[in-house]
Every structure is written in C-alpha cells, then in structure tokens.
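Below, each chain spelled out in residue letters.
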Amino acid sequence: MTILVTGFGPFGRWKVNPSERVVQALAKQAHLRGEGDLVTEILPTEYVRAGKRIRQLLRRIRPGAVVCLGVAFARRAISLERIALNLDDDPLPDNAGQIRSGCLIVRGGAAAYWSTLPLEQLRRALVKRGIPVTVSNHAGAYLCNHVFYLARHEMELLGNHAPCGFIHVPGLRSRRGTSKTIPLNQMVEAIECCLQVLRRRSRS
Ligand code: PCA
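Residues numbered from 1 in each chain as written. Predicted model: local features only at pLDDT ≥ 70, side-chain atom pairs only at ≥ 80, totals over all residues. Heavy atoms only, no water.

K.L.:
Help me understand the site of the ligand in this model?
P.N.:
Near the ligand, the surroundings consist of Phe-8, Phe-11, Asn-17, Thr-45, Gly-70, Val-71, Tyr-142, Leu-143, Cys-144 and His-168. Taking Asn-17, its side chain carries an N or O atom lying 2.9 Å from an oxygen atom of the ligand. A distance of 3.4 Å separates an oxygen atom of the ligand from a polar atom in the backbone of Leu-143. Burial of the ligand by the surrounding chains reaches 94%, relative to a free accessible area of 260 Å². Counting only elements with at least two residues in the shell around the ligand, the list comes to strand S3 (65-71) and helix H4 (143-158). (Near = heavy atom within 4 Å. Polar contact = N/O pair within 3.5 Å; in protein donor to acceptor, adjacent residues only side chain to side chain. Areas by Shrake-Rupley, 256 points an atom, 1.4 Å probe, with all protein chains shown as cover. Helix = DSSP H or I, 4+ residues; strand = E, 2+ residues; numbered from the N terminus.)

Written as structure tokens, this is what we have:
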C-alpha cells in the first residue's frame, strides 16, 4: 500500500512550519528503514498551486491512504480533523498574496466532506502512547482546510475509498515561549503511530 503524506512550508510571519519538519523526518526514517511505501510532499502554502498539486498527486499515485498535515499554532495537541468545508475564508494572504473571503473551493461541490481516516482508532493509539491528542471539528478555512477538502473531493471523483484526512500539529515552542506544546520528536512519533495503524488496517 502506498501512503501519501503531505506537509506545508512556512507561511505568514512564521519561519518554520513543524508539519514540514515532521514530513522530512518521516521520509528520512522510511529511507533508512527501506520502507518503500511512503510518498511525501511539501505543498506550497498557496491556494492555487497547493490545490493543483494535491489533485495531481492523488491521480498519479492512487494511494492506499492519505494523511495531510499542517500546523495550527494555537493548538496544544495533535488534532485529528473531522470535517473539511467547501469554503476558503481567512484574512491571512497565502504565499502568493491571495486573500480569500467567503469563496467556494469547488463550485457545485458538497458543502463538506468527512475525514475517512479512522479517527477514533488513531486517537486511542495516540492516547496509549501518552501523546496529547484531540478530535477537532474545524480545520479552519485557510490552506489546510483547502487541501483537506480538495483531497477528499478528488478521492471521491477517483472512486478511491482509501482512508484520507487531515491532521494538525501544534506550533513548536518559541525560544521565549513558556506555553506547553509537543516537541518535534513527539509529533513525528505521533504521525508514525498513525501510519502504523493505517498499515495494520490495510493488512487485516
Ligand atoms: N497551516 C495553515 C496552512 C498551512 C499550515 O501548515 C492552516 O492551518 O490552514
């Protein structure tokens, strides 16, 4: 089974996007372990280019599972996203300078798609490892939701029923920051644990 894992590069005023670091670490681990089932990609933090790229990847790879990652700086736990909305609506420009407000992502598309990742199973696996995790009902209406929606939409068009969804990781602790967050190696462990659950399910 091929698993597609994506992250995003930096955006806005943030110089580092932990989702990019997590994807890089997973790619490195897979390479060292000789696991050939992982395809990773860092998506541009731009509505048009990210949308084109995720759809292209899904058509080309026909993956057996899809896990898209992004950062939600204000969160303190791994957030398993439940729903993608057909809506772009955020005051923050993307990296191409585009601001979208109240826009449909796909004209005539479903208002929303559910994640098809086994959220409860993933949540339990992470709790077992002592990793802070929550199931979230709202992935925002910026780039992460955009890619989540288009990934689910494309999977529907392709008739691909493989699990596909989105996970937000928290921000990294800033040098001055005192707030509690998850260290990068634990984020990597968390996503690795999710991939293991997906691999196990595909075998059973
Ligand atoms: N987080 C943003 C976009 C890219 C990222 O990593 C979001 O939550 O929409």
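Next comes the rest of the write-up.
K.L.:
Quick question: what am I supposed to make of the environment of Asn-86 here?
P.N.:
Position of Asn-86 among the secondary structure elements: in the loop between strand S5 (83-85) and strand S6 (88-90). Put simply, Asn-86 and Gly-102 are 16 residues apart on the chain and 9.7 Å apart in space, counted from C-alpha to C-alpha. When near neighbours in sequence (up to four residues on either side) are disregarded, Asn-86 contacts Cys-103, Leu-104, Ile-105, Val-106, Gly-109, Ala-110, Ala-111 and Tyr-149. (Contact = heavy atoms within 4.5 Å.)

Scope: geometric values only; no functional claims are made or implied.
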